[in-house]
Amino acid sequence: MSFSKRALDLSLALVLLTLLILPAICIALLILIFDGRPVLYRSERMGSPQDRFELWKFRTMLPDSADNSITAGHKSSRVTGLGRFLRRTRFDEIPQLFNILRGDMSFVGPRPPLPRFAALCPEIYQVVLRARPGLTGLATLLYHGTEERLLSQCKTRREADMVYMRQCIPAKAALDLYWARHRTVWFDLILLLHTIGHVFFSPALVKMRQKGA
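This one's a predicted model, so the numbers in the text were calculated from it and none came from an experiment. (Residues numbered from 1 in each chain as written. Predicted model: local features only at pLDDT ≥ 70, side-chain atom pairs only at ≥ 80, totals over all residues. Heavy atoms only, no water.)

### Some words on unusual backbone geometry
Cis peptide bonds are those with omega within 30 degrees of zero, and the linkage from Arg 37 to Pro 38 qualifies with -5 degrees. One can find Pro 38 in the loop between helix H1 (3-34) and strand E1 (40-46). (Helix = DSSP H or I, 4+ residues; strand = E, 2+ residues; numbered from the N terminus.)

Written out as structure tokens, the structure reads:
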């Protein structure tokens, strides 16, 4: 990772943590009050083809200690009411700012895969994970809606895994590799601005503002 990219990650993470610390505390309290413990969802992810790290999110689903699969239609009944809002607004990902400070992730890069998908698709992730995983990225912005639609139709874990491996992983990898070939600080800033626009103009927040008007 270049010095300029790491400097951008650190400075932006510190600014955002300062701005979001109170909302984050409120979200944590709401989860604790309405959904109980644990407040955080911890998931082992690949940070490089060899190294793993623990990714943090606010919990949006009913706990299941045996769960180590992607979120798809077969899990929809486990998503909490508060969790649906957090997912739509991407507020569930605020704790990943600490992953960025730790150096596990960058703001922009490929999304970190579960270890078993990295093991099942080594030829893809050996190349994709040459870049540090990110909170957002070109694939996240351009393919997230399609991925969500495809996976929402899956009724079993096996079906979800097949759709994810055959359609989602190759499509996202192509976008991630395009970004890697053309990445600059300015390209990252453009992707960050698009991500911020998506968050603050998400349907969930627009509806809240309309109700408050």
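That was the structure; now back to the text.
### Observations concerning the environment of Arg 45
As for its placement among the helices and strands, Arg 45 is situated in strand E1. By relative accessible area, Arg 45 is classed as buried at 12%. Residues in contact with Arg 45, not counting those within four places in the same chain, are Asp 51, Arg 52, Phe 53, Leu 55, Pro 112, Pro 113, Leu 114 and Pro 115. Within polar-contact distance, the side chain of Arg 45 engages the side chain of Ser 43 at 2.9 Å. (Buried < 20%, exposed > 50% of the residue type's maximum accessible area, 1.4 Å probe, protein only. Contact = heavy atoms within 4.5 Å. Polar contact = N/O pair within 3.5 Å; in protein donor to acceptor, adjacent residues only side chain to side chain.)

### Topic: the environment of Arg 37
Tracing the sequence through the fold places Arg 37 in the loop between H1 and E1. Accessibility expressed as a relative area gives 69% for Arg 37, which makes it exposed. Taking the C-alpha atoms as reference points, Arg 37 and Leu 62, separated by 25 residues in sequence, lie 9.7 Å from one another. What Arg 37 contacts, discounting residues up to four positions off in sequence, is Leu 32, Arg 59 and Pro 63.

### Structural notes on the packing of aromatic side chains
Scanning all chains against the criterion turns up two aromatic pairs. Taken together, a centroid distance of 6.0 Å and an interplanar angle of 80 degrees make the contact between Phe 85 and Phe 91 edge-to-face. Of note, Arg 116 hangs over the ring of Phe 117, and the distance from its end group to the ring centre comes to 4.5 Å. (Phe/Tyr/Trp six-rings, centres within 6.5 Å; stacked < 30°, edge-to-face > 60°. Lys NZ or Arg CZ within 6 Å of the ring centre and 35° of its normal.)

### Details of the pairing of strand E2 (residues 52-58)
Two faces, one strand: in a regular strand the side chains alternate between the faces of the sheet. Where burial is concerned, most of E2 is hidden: five out of the seven residues are buried. Inspection of the sheet shows E1 paired to E2 by seven bridges, in the antiparallel sense. Bridge pairing in E2 links Arg 45 to Phe 53. The turn linking E1 back onto E2 is made up of five residues. (Pairing = 2+ DSSP bridges.)

### Re the nonpolar core
General note: in soluble globular proteins, nonpolar side chains tend to be found buried as a group. In terms of nonpolar packing, the biggest core is built from 24 residues, with Phe 58, Ile 100, Phe 107 and Trp 179 touching the most fellow members. Secondary-structure elements contributing two or more residues to this core are H1, E2, helix H2 (81-89), helix H3 (96-102), strand E3 (106-108) and helix H8 (185-200). Here the element with the most residues in this core is H1; it accounts for five residues. With residues up to four places along the chain from it excluded, the contact list for Phe 58 reads Ala 24, Ile 27, Ala 28, Ile 31, Val 39, Leu 40, Tyr 41, Leu 86, Phe 91, Asp 92, Ile 94 and Pro 95. Listed in part, the 21 residues of the second largest apolar core include Met 46, Ile 70, Ile 124 and Ile 169. (Core = buried A, V, L, I, M, F, W, Y, C linked by side-chain atoms within 4.5 Å.)

### A word on helix H6 (residues 138-152)
Along its 15 residues, H6 runs 21 Å from first to last C-alpha, staying within 8% of the 21 Å computed at 1.5 Å per residue. Maximum bend of H6: about 55 degrees, positioned at His 144. Those residues of H6 lying buried are Leu 138, Ala 139, Thr 140, Tyr 143, Glu 147, Leu 150 and Leu 151. (Expected span 1.5 Å × (residues − 1). Bend = angle between axes of the 7 residues up to and from the residue.)

### Structural notes on the pattern of salt bridges
Enumeration over the complete set of coordinates arrives at 10 salt bridges. Notably, a salt bridge pairs Arg 52 with Glu 44, separated by 3.0 Å at the nearest N-O pair. Residue Glu 44 is classed as partly exposed on the basis of its relative accessible area of 42%. Residues Glu 93 and Lys 57 are paired through a salt bridge, measuring 4.0 Å at the closest nitrogen-oxygen approach. With a gap of 36 residues between them, Glu 93 in the loop between H2 and H3 and Lys 57 in strand E2 connect regions that are remote in the sequence. Accessibility classification places Glu 93 together with Lys 57 in one group, the buried group. A cluster of three or more residues bridged by salt bridges with shared partners is formed by Lys 57, Arg 90, Glu 93 and Arg 111. (Salt bridge = Lys/Arg side-chain N within 4 Å of Asp/Glu carboxyl O.)

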